[in-house]
Amino acid sequence: GEMTVGELAKLLHKDASEVIKKLLFLGVMATINQEVDLETIQLIADEFKVEVDLKLPVSEDPFEETEEKDEEADLQERPAVVTIMGHVDHGKTTLLDAIRKTNVTSAEAGGITQHIGAYQVEYNNKKVTFLDTPGHEAFTLMRSRGAQVTDITIIVVAADDGVMPQTVEAISHAKAANCPIIVAVNKVDKPEANPDRVKQELTEYELVPEEWGGDTIFVNVSAKQGMGLDELLEMILLVSEVNEYKANPDKRARGTVIEAELDKGRGPVVRILVQHGTLKVGDAFVAGTCFGRVRAMVNDRGRRLKEAGPSTPVEITGLTDVPQAGDPFMAFEDERKARSIAEKRATTYRQSQLGANTRVTLDDLFKHIKEGEMKELNVIIKGDVQGSVEALRGSLQKIDVEGVRVKILHSGVGAITESDIILATASNAIVVGFNVRPDAQAKATADEEKVDIRLHRVIYTIVEEIEQAMKGMLDPEY
Ligand code: GDP
């Protein structure tokens, strides 16, 4: 059983007697302490026309069940996967292009650049994979779908402009993902460039350079002139070495869909990052809820590959349908197996869609705390002026409820945006607005993803609301 009748009643904001009546109606005699299974919970919720959060346990994802487990000895070094983030116009795209142009892997010299969502370069005989959709939205959108593909984030800050709102967002998104950060201070070729000011500004976000006693790596670059790229790559390799990114290349492939589209001539085309194992032409596979067989596989230089190991981005054809970016991907021993796994995942997916995921809301916070599932309440703060945002930060961080603490993932001035909602989705956070509201897009996404947004005009009431929710005293909102 998943929960008792009493707990279910509470979850549905109904009286236990009402739930027992419905159960009786369905032919089940039950008492308040009786346990009910997922299916019954769903039926009862349907009866009350209430959407419930039913996430199947991870163990029921057929991918988890079927993955071959690794022994430590099977693991081999693999290239790091890097994402570039930062404020608009600070040079993300230029930097991606510059790195790509100057550090072609030796085997691929002369090939023609293909956009497949990611590319690989070689430096000092080591490979590095770059995702080439810059920006933190894409990064966190993937994460909100359960895909953690990035090992290292590069935060680009233009030395003539300094830290800007999206720089701060990017830092928050990288930190929320526990992703190591390297700061690339860009446009140092410009006469008005002031890299030291960038360093100074970033100390406020706990990114402190080594020479000032911190442990954040800073590299001065000019993406436009190709300056500092070697050092940047060296630093990426250094961070990779420290973190020892590894994978087992000798098993069925598993990875993530980076992009997918329907091509008029070739049918469904899917661009994936292989993360574990080795994918081979002819392999049967499942991506999301679609299945197929690898017909052709090309890399970012348009070269046909027979196989692709960990951290390799490839474009493949041979699917029967188009999956979504962020969908997991797995190879299977034969097509029949792939088909049945795809069908199983489709069912699971439909079920989990019924209530999206188990998003935290203030209303059920106490339940999660009580069950020991939560030690931290993740919060995103948006406010009308910097002063009130800071005041709210300070007050929320001071809340002292035994066993739980407030963790502020991101705070900033301005309306609640879709980027805030995506971060909340990926990190299971609530969003607090102080004298600001969500914009239309943010509102729509929040409704869809069931993100809890709390809007207030008085700091005290926010603090009180959150504190009471943490203590389990909040009356549920109907
Ligand atoms: P993104 O929005 O972060 O992807 O920024 P872009 O890569 O599109 O760059 C924005 C503008 O800054 C473009 O006009 C680039 O040519 C320019 N830019 C990028 N890097 C540099 C640089 O290192 N030096 C100078 N002077 N300009 C740069």
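The protein chain is annotated in an unreviewed UniProt entry as Translation initiation factor IF-2 from Paenibacillus profundus. Taken verbatim from the UniProt record of the protein chain, the Function (unreviewed entry) comment is "One of the essential components for the initiation of protein synthesis. Protects formylmethionyl-tRNA from spontaneous hydrolysis and promotes its binding to the 30S ribosomal subunits. Also involved in the hydrolysis of GTP during the formation of the 70S ribosomal complex."

K.L.:
Can you break down unusual backbone geometry residue by residue, with the values?
P.N.:
Among all residues save glycine, negative phi is the norm, and among peptide bonds the norm is trans. One non-glycine residue, Asn 124, lies in the positive phi region at around 50°. On the secondary structure map, Asn 124 appears in the loop between β5 (118–123) and β6 (126–131). According to the relative accessible area criterion, Asn 124 is exposed, its value standing at 52%. Positive phi, close to 60°, is recorded for Asn 435, a residue that is not glycine. In this structure Asn 435 comes out as partly exposed when scored by relative accessible area, which is 29%.

K.L.:
Could you give me a rundown of the site of the ligand, with the residues and numbers involved?
P.N.:
Residues in close proximity to the ligand total 15 residues, the closest being Asp 89, Lys 92, Thr 93, Thr 94 and Asp 189. For the ligand, an oxygen atom lies 3.0 Å from a polar atom in the backbone of Gly 91. Taking Lys 224, its main chain carries an N or O atom lying 3.2 Å from an oxygen atom of the ligand. Relative to its unbound accessible area of 580 Å², the ligand is 75% covered by the protein chains. Split into classes, the residues belonging to the shell around the ligand amount to 2 nonpolar, 7 polar and 6 charged.

K.L.:
A description of the sheet that holds strand β17 (residues 313–319) should follow, citing residues and the corresponding values.
P.N.:
As summarised here, the arrangement of the 6 strands in space is β11-β12-β17-β15-β14-β18, forming a closed barrel in which the pairing is antiparallel. The mean angle between the axes of side-by-side strands here comes to 45°, regardless of whether they run parallel or antiparallel. By the bridge criterion, 5 bridges tie strand β12 (residues 267–276) to β17 in an arrangement that is antiparallel. Bridge pairing in β17 places Ile 272 opposite Val 314.

K.L.:
Help me get a handle on the sheet that holds strand β22 (residues 453–456), residues and values and all.
P.N.:
Judged by pairing direction, the sheet is parallel, and its 4 strands sit side by side in the order β20-β19-β21-β22 without closing on themselves. Edge positions in the sheet fall to β20 (405–413) and β22, since each of these pairs with one other strand and no more. In this sheet, neighbouring strand axes are inclined to one another by 20° on average, regardless of whether the strands run parallel or antiparallel. Pairing geometry for strand β19 (residues 376–383) and β20, over 8 bridges, is parallel. When the sheet's bridge partners are listed, Lys 382 is paired in β20 with Gly 412. Along the sheet, helix α12 (residues 386–398) makes contact with β19, β20 and β21 (429–434), crossing β20 at roughly 175°.

K.L.:
I'd like a description of the packing of helix α6 (residues 136–144) against helix α7 (residues 165–176), backed by residues and values.
P.N.:
In the contact formed by α6 and α7, the axes pass within 10 Å of each other and the chain directions differ by 25°. Taken together, the axes of α6 and α7 lie roughly parallel to each other. Regarding α6 and α7, the two cross each other, and that crossing is left-handed. Residues His 136, Phe 139, Thr 140 and Arg 143 of α6 form the contact with α7, whose participating residues are Gln 166, Glu 169, Ala 170, His 173, Ala 174 and Ala 176. Partitioned by chemical class, the residues of the contact of α6 with α7 number 4 nonpolar, 4 polar and 2 charged.

K.L.:
Got a sec to walk through the pairing of β19? Specific residues and values, please.
P.N.:
Extensive coverage of β19 is indicated by the burial of 7 of its 8 residues. Handedness of the crossover joining β19 and β20 through α12: right-handed. In the sheet, β19 pairs with β21 via 6 bridges, with the strands oriented parallel. Bridge pairing in β21 links Ile 381 to Val 432.

Conventions used here
Residues numbered from 1 in each chain as written. Predicted model: local features only at pLDDT ≥ 70, side-chain atom pairs only at ≥ 80, totals over all residues. Heavy atoms only, no water. UniProt positions renumbered as here; feature names shortened; annotations may be inferred. Helix = DSSP H or I, 4+ residues; strand = E, 2+ residues; numbered from the N terminus. Buried < 20%, exposed > 50% of the residue type's maximum accessible area, 1.4 Å probe, protein only. Near = heavy atom within 4 Å. Polar contact = N/O pair within 3.5 Å; in protein donor to acceptor, adjacent residues only side chain to side chain. Areas by Shrake-Rupley, 256 points an atom, 1.4 Å probe, with all protein chains shown as cover. Nonpolar A, V, L, I, M, F, W, Y, C, P; charged D, E, K, R; others polar. Pairing = 2+ DSSP bridges. Axes fitted to C-alpha atoms, helices over the stretch in contact; angles between N-to-C directions. Contact = heavy atoms within 4.5 Å. Parallel < 35°, antiparallel > 145°, perpendicular 65-115°, else oblique. Left-handed = near helix turned anticlockwise from the far one by under 90°. Right-handed = clockwise from strand over helix to strand, strands pointing away.

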